[in-house]
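Each chain is listed here by its residues.
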Amino acid sequence: MSVHLHWFLPTGGDGRTLVDRHAYTDGGIKRSRITPVSGVRAPDIDYLTQIAKAAEQLGFEAVLTPTGTWCEDAWLTTVALSQHTERLKFLVAFRPGVISPVLAAQMAATYQRITRGRLLLNVVTGGDSTEQRRFGDHVDHDRRYARTAEFLEVVRGVWGGTPFDFDGEHYQVSGGLTALPPDPLPEIFFGGSSAAAGPVAARHADVYLTWGEPPEQVKRKIDWIGGLAEREGRTVRFGIRLHVISRDSSREAWATADRLLDDLDDDTVRAAQQALGKSESVGQQRMLALHGGERDKLEISPNLWAGIGLVRGGAGTALVGSHAEVADRIEEYHALGIEHFVLSGYPHLEEAYWFGEGVTPELAARGLLPRLPASPLAGVPAANGRPASAPGGAPLLLSGGR
């Protein structure tokens, strides 16, 4: 089983600190700042194109694109970026409750034709009722998962190429049809840590995606979902969502983590923890429990740092260390059954290079990658041991911000 490496598109904004995305009154949509914060990068199409092209050149298979109020629309953004890339796939996050399943099936089919088969789907059921209501969705937590199960049954049904009827609690479809089904069918990534989420993953997910918990906790999740899937007569593959801070030495990596932490004042952390604590998401509560809102003891497992979760919702942990140490941790998760690694870092452009030029060769040398991607700068002389693309570890192409 090879490792599949994916990167992240920061469609809500990017920057050199964890608080950059709090620098805007509107989350970055209009770029209207509360206070002047340096190093903030707006998620315009030019900057996102740089990240997408870097990810493709560095050998990442796909990029995850988030969904939510403070992000650009994932479908529109990624189909635009597909025109600037050749092989890169797009893991498009979307919420089943705010779109018709038949329309979603049609959109996916069109997307596959436009991009020549480069769509992956990340189903986000939603763990925040406030956010859901913002989109006109008033269904409670557990019923959202029941609705997701129906949604995915309809989507797969109408991809069959013949009229499909469905009569459920949430959806009633008569003769649903995608006239030209997608080819290939997009793989469906799905996450959820609650009791309501498990059966949905077992019946409908191709890849179950968990946030970056310590290995022993991840193993329990794999056993849980794997057991449920086996009872359904199915096999589910597994992925993990993590940030990364990888450097030439462990000391450099932890110094970078410390700098990110130094940028967080106590009021910012308190406000973020209070807001995140209201989430209905079991996965979010598990993330919060890893650090309890405290700054000490943030290395919750070897090279696994929970500092990002002090202010960021969702994935809140990072692999921190030398390139070899980060590769060690990936190999450890892989041995548990994790196949897909969806990674990110601040800023996303530079961190893609740090990982792609440092960790990817380590993984290839260990036989965990099917092939080592050819460098686009093969044959270009290096300076001071660093590739010409990244003197000092940073790429030459930068967009707005320090």
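In the block above lies the structure referred to throughout.
So, here is what we can say about the structure in this document. (Residues numbered from 1 in each chain as written. Predicted model: local features only at pLDDT ≥ 70, side-chain atom pairs only at ≥ 80, totals over all residues. Heavy atoms only, no water.)

1. As for the packing of aromatic side chains
Geometrically, a pair of aromatic rings is defined through the distance of the ring centres and the angle of the planes. Scanning all chains against the criterion turns up nine aromatic pairs. Seen in terms of ring centroids, W7 and F60 are 5.1 Å apart; in terms of plane orientation they differ by 40 degrees. Their pairing is tilted. Placement of W7 in strand β1 (residues 4–8) and of F60 in the loop between α1 (45–57) and β4 (62–65) is noted, with a sequence separation of 53 residues between them. The same class applies to W7 and to F60, which are both buried. For the pair W75 and F94, a centre-to-centre distance of 5.9 Å together with 55 degrees between the ring planes defines the contact as tilted. One end of the pair, W75, is in helix α2 (residues 74–81); the other, F94, is in strand β5 (residues 89–94), and 19 residues separate them in sequence. The buried category is assigned to F94, whose relative accessible area is 6%. Here the aromatic residues W75, F94, Y111, F151 and Y171 are joined through ring pairs into a cluster of three or more. (Phe/Tyr/Trp six-rings, centres within 6.5 Å; stacked < 30°, edge-to-face > 60°. Helix = DSSP H or I, 4+ residues; strand = E, 2+ residues; numbered from the N terminus. Buried < 20%, exposed > 50% of the residue type's maximum accessible area, 1.4 Å probe, protein only.)

2. What to know about the packing of helix α7 (residues 215–231) against helix α11 (residues 323–336)
When two helices pack together, their arrangement is captured by the angle between the axes and the distance separating the axes. At a minimum axis distance of 10 Å, the contact between α7 and α11 shows a crossing angle of 25 degrees. Relative to α11, the element α7 is oriented roughly parallel. The handedness of the crossing between α7 and α11 is right-handed. Between α7 and α11, the residues in contact are P215, V218, K219 and I222 and E332, Y333 and L336, respectively. Of the residues contributing to the contact of α7 with α11, the split by class is five nonpolar, no polar and two charged. (Axes fitted to C-alpha atoms, helices over the stretch in contact; angles between N-to-C directions. Parallel < 35°, antiparallel > 145°, perpendicular 65-115°, else oblique. Left-handed = near helix turned anticlockwise from the far one by under 90°. Contact = heavy atoms within 4.5 Å. Nonpolar A, V, L, I, M, F, W, Y, C, P; charged D, E, K, R; others polar.)

3. So, the nonpolar core
Judged by nonpolar contacts, the single largest core of 75 residues is most densely connected at L5, W7, F190, Y333, F341, F355 and L363. Here this core takes seven residues from helix α5 (residues 141–158), the largest share from any one element. Among residues more than four places away in sequence, those in contact with L5 are F60, E61, A62, F341, L343, F355, T360, L363 and L369. The next biggest cluster of nonpolar side chains, apart from the first, holds 21 residues, and it includes A257, W305, A306 and V311. (Core = buried A, V, L, I, M, F, W, Y, C linked by side-chain atoms within 4.5 Å.)

4. Points about unusual backbone geometry
In this chain, D183 is followed by P184 through a cis amide linkage whose omega measures 0 degrees. Within the chain, R116 stands out as a residue other than glycine whose phi angle is a positive 60 degrees. Mapped onto the fold, R116 is located in the loop between α3 (101–115) and β6 (119–123). In this structure, N303 is a non-glycine residue whose phi angle is positive, near 65 degrees. Positionally, N303 belongs in the loop between β12 (299–301) and β13 (304–305).

5. Observations regarding the side chain of D14
With respect to the secondary-structure elements, D14 resides in strand β2 (residues 14–15). In this structure, D14 is buried with no salt-bridge partner, the nearest side chain bearing the opposite charge being R41 at 4.7 Å. At a separation of 2.9 Å, a polar atom in the side chain of D14 contacts the side chain of H348. (Lys, Arg positive; Asp, Glu negative; His and termini not counted. Salt bridge = Lys/Arg side-chain N within 4 Å of Asp/Glu carboxyl O. Polar contact = N/O pair within 3.5 Å; in protein donor to acceptor, adjacent residues only side chain to side chain.)

6. Quick notes on the pairing of β5
Among the six residues of β5, five are classified as buried, and the element is accordingly described as predominantly covered. Note that β4 and β5 share four bridges and pair parallel. Of the residues in β5, the one forming a bridge with L64 is L91. Note that the unit made of β4, α2 and β5 has a crossover that is right-handed. As judged from the five bridges shared by β5 and β6, these two strands associate in the parallel manner. By the bridge assignment, F94 is partnered in β6 with V123. Handedness of the β-α-β unit built from β5, α3 and β6 comes out right-handed. (Pairing = 2+ DSSP bridges. Right-handed = clockwise from strand over helix to strand, strands pointing away.)

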